[in-house]
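# Coordinates in review
Each chain, letter by letter, is given below.
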Amino acid sequence: MNRINVGVIGLGEVGQIIHLPILEALADRYRIGALCDASPTLLQTLGDRYGVDQRYADATALVEQPDLDGVFVLNSDEYHADCVIAAVKHGKHVLVEKPMCLTMREAEEIIAARDEAGVQVMVAYMRRFAPAFTAAVEEVQRFDKINFLRVHDIIGRNRIIIDQANAVIRPDDIPSALVQDRAERAARLTQEAIGDAPPDLVTAYRFLVGLASHDVSAMRELVGMPTRVTAASQWNSGKFLTALLDFGDFSGVLEIGVDEQARFDAHIEVYGASKTVRVQYDSPYIRHLPTTLVMSESV
């Protein structure tokens, strides 16, 4: 089997804990052909660890490397659109971490660039590919009627869980100009998306396109998209959100939040007339924790 040669842009937590170890474990299928990060420490340490000689501080240079088949875009989401578009314009397939981008304009530009290049762009919504979830989709499709949907994602900060299970390198050598550029991009793109908004609504929006994007993606595949949002609220400086969703012939609730407990409680539950299907997720930052399917039925 010919191995797929991939470049990895962004060597932070998700790259160190999930993507790079998985690529290494699947070395019969993948070869890590290039790494990119703004931190010289991460480039050197992880380049040495995984035996990768091609190392870049600039993503535009990585995507120009001719022998790469695909690119993993794992850096901060303010840069996702630029990196994805640059990669596909050089004929690379792309796996991009969520969210794909921060604005509708960026999403449309990514889709147009993908279509023109004839390559694949996939967002890393791994929750939709868990066997428990695909089984749940089949079960819900057999429902005669859906009465209610609950999408729940109340978790502790990732770092609380990560630091108990993983040794993550968190460098302090990212150039100050890039730190400032990231903050300015975040402000500019968020304003483009939602206009002038107070800080709590900005935080709420970032939670929606960040944490909640996993939930909305899974919800969309399980029951489809709602026709409208009938009510919504946020509190705790935008770190907790609820929304009441109208699907036409049934309703649902989305509830998300992040606190300081070492806990990961994420599930999606569909209530039928006599049967309930629940998919329970665990933290992706501890590998091999199961996603479980729980069904209850009255007969």
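Everything below is about the structure shown above.
Per-chain numbering applies: the sequence of each chain, read as written, is numbered from 1 onward. Residues qualify for local features only when their pLDDT is at least 70, as the model is predicted, and side-chain atom pairs are given and counted only at 80 or more; totals for whole chains, interfaces and linings, by contrast, use all residues. Only heavy atoms go into the side-chain values, all of them from the structure, while hydrogens and water stay out.

### Thoughts on the sheet that holds strand β6 (residues 121-123)
The six strands lie next to each other as β3-β2-β1-β4-β5-β6, forming an open sheet whose pairing is parallel. One side of each edge strand has no neighbouring strand; the edge strands of this open sheet are β3 (55-56) and β6. One requirement defines pairing of two strands: DSSP has to find at least two bridges between them. Here a helix means four or more residues in a row that DSSP labels H or I, a strand means two or more in a row labelled E, and each is numbered from the N terminus. As judged from the three bridges shared by strand β5 (residues 93-96) and β6, these two strands associate in the parallel manner. Counterpart to leucine 95 in the pairing with β6 is methionine 122.

### A short note on the pairing of strand β4 (residues 70-73)
Between buried and exposed lies partly exposed: a residue is buried under 20% and exposed over 50% of the maximum accessible area for its type, with that area taken using a 1.4 Å probe on protein chains only. Every second residue of β4 is oriented toward a common face, with Gly70 and Phe72 on one face and Val71 and Val73 on the other, all of them buried. Taken together, the four bridges between strand β1 (residues 4-9) and β4 define a ladder with parallel strand orientation. Opposite glycine 7, over in β4, you have valine 71 as the bridge partner. Here four bridges tie β4 to β5, and the two strands are oriented parallel to one another. Among the inter-strand pairings, glycine 70 is bridged to a residue of β5, identified as histidine 93. Seen with the strands pointing away from the viewer, any crossover whose path from the first strand over the helix to the second strand runs clockwise is right-handed. Crossover handedness for the path β4 to helix α4 (residues 80-89) to β5: right-handed.

### Notes on a nonpolar patch on the surface
A patch is a set of surface residues, each over 30% in relative accessible area and not in a salt bridge, joined within 9 Å for like charges and within 5 Å for the nonpolar side chains Val, Leu, Ile, Met, Phe, Trp and Tyr. To measure how exposed things are, a 1.4 Å probe is used in the Shrake-Rupley method; for residues, cover is taken only from the protein chains shown. Here a salt bridge means any side-chain nitrogen of Lys or Arg lying within 4 Å of a carboxyl oxygen belonging to Asp or Glu. Together, Ile174, Leu178 and Val179 make up a nonpolar patch on the protein surface, roughly 230 Å² of accessible area in all. Looking at valine 179, the relative accessible area reads 48%, which means it is partly exposed.

### Let's talk about the packing of helix α6 (residues 131-141) against helix α10 (residues 211-223)
Each axis is a line fitted through C-alpha atoms, taken for helices only over the stretch in contact, and angles between the N-to-C directions span 0 to 180 degrees. Between α6 and α10, the least distance of the axes is 9 Å, while the angle of their chain directions is 35 degrees. Seen from α6, the contacting residues are Phe133, Ala136, Val137 and Val140; seen from α10, they are Ala218, Glu221, Leu222 and Val223. Counted by class, the contact of α6 with α10 contains seven nonpolar, no polar and one charged residues. Residues count as neighbours in contact if any of their non-hydrogen atoms are within 4.5 Å of one another. Any residue outside Ala, Val, Leu, Ile, Met, Phe, Trp, Tyr, Cys, Pro, Asp, Glu, Lys and Arg is labelled polar, Gly included; the first ten of those are nonpolar and the last four are charged.

### Remarks on the nonpolar core
Soluble globular proteins: nonpolar side chains tend toward being buried together. We call a set of buried residues a nonpolar core when its members are Ala, Val, Leu, Ile, Met, Phe, Trp, Tyr or Cys and they connect through side-chain atoms within 4.5 Å of each other. Leu149, Leu222 and Val223 are the most contacted members of the largest nonpolar core, which has 34 residues in total. Within the residue set of this core, elements represented by two or more residues are α6, β7 (146-156), α9 (199-209), α10, β9 (240-246), β10 (251-259), β11 (264-272) and β12 (275-281). Examining the composition of this core, we find that six residues originate from one element, α10, more than from any other. Leave out the neighbours within four places in its chain, and leucine 222 touches Phe133, Ala136, Val137, Val140, Ile268 and Val270.

### A word on the packing of α9 against α10
Contact pair α9 / α10: the axes reach a minimum separation of 3 Å and the direction vectors enclose 45 degrees. Overall, the two elements α9 and α10 adopt an arrangement that is oblique. Every residue of α10 that contacts α9 at Phe207, Leu208 and Val209 is listed here: Leu211, Ala212 and Ser213. Grouping the constituent residues of the contact of α9 with α10 by class yields five nonpolar, one polar and no charged. Oblique is the label for any angle not under 35 degrees, not over 145, and not in the 65 to 115 range, which are roughly parallel, roughly antiparallel and roughly perpendicular in turn.

### Things to note about the sheet that holds β11
The pairing of strands in a sheet comes from backbone hydrogen bonds and takes either a parallel or an antiparallel form. Taken in spatial order, the seven strands line up as β8-β9-β10-β7-β11-β12-β13 in an open sheet, and their pairing is mixed. What marks the edges here is a single partner per strand, and that holds for β8 (228-235) and β13 (292-297). Strand-to-strand twist in this sheet, taken as the mean axis angle between neighbours without regard to direction, amounts to 10 degrees. The sheet strands contacting α10 are β7, β9, β10, β11 and β12, and the helix crosses β7 at an angle near 160 degrees.

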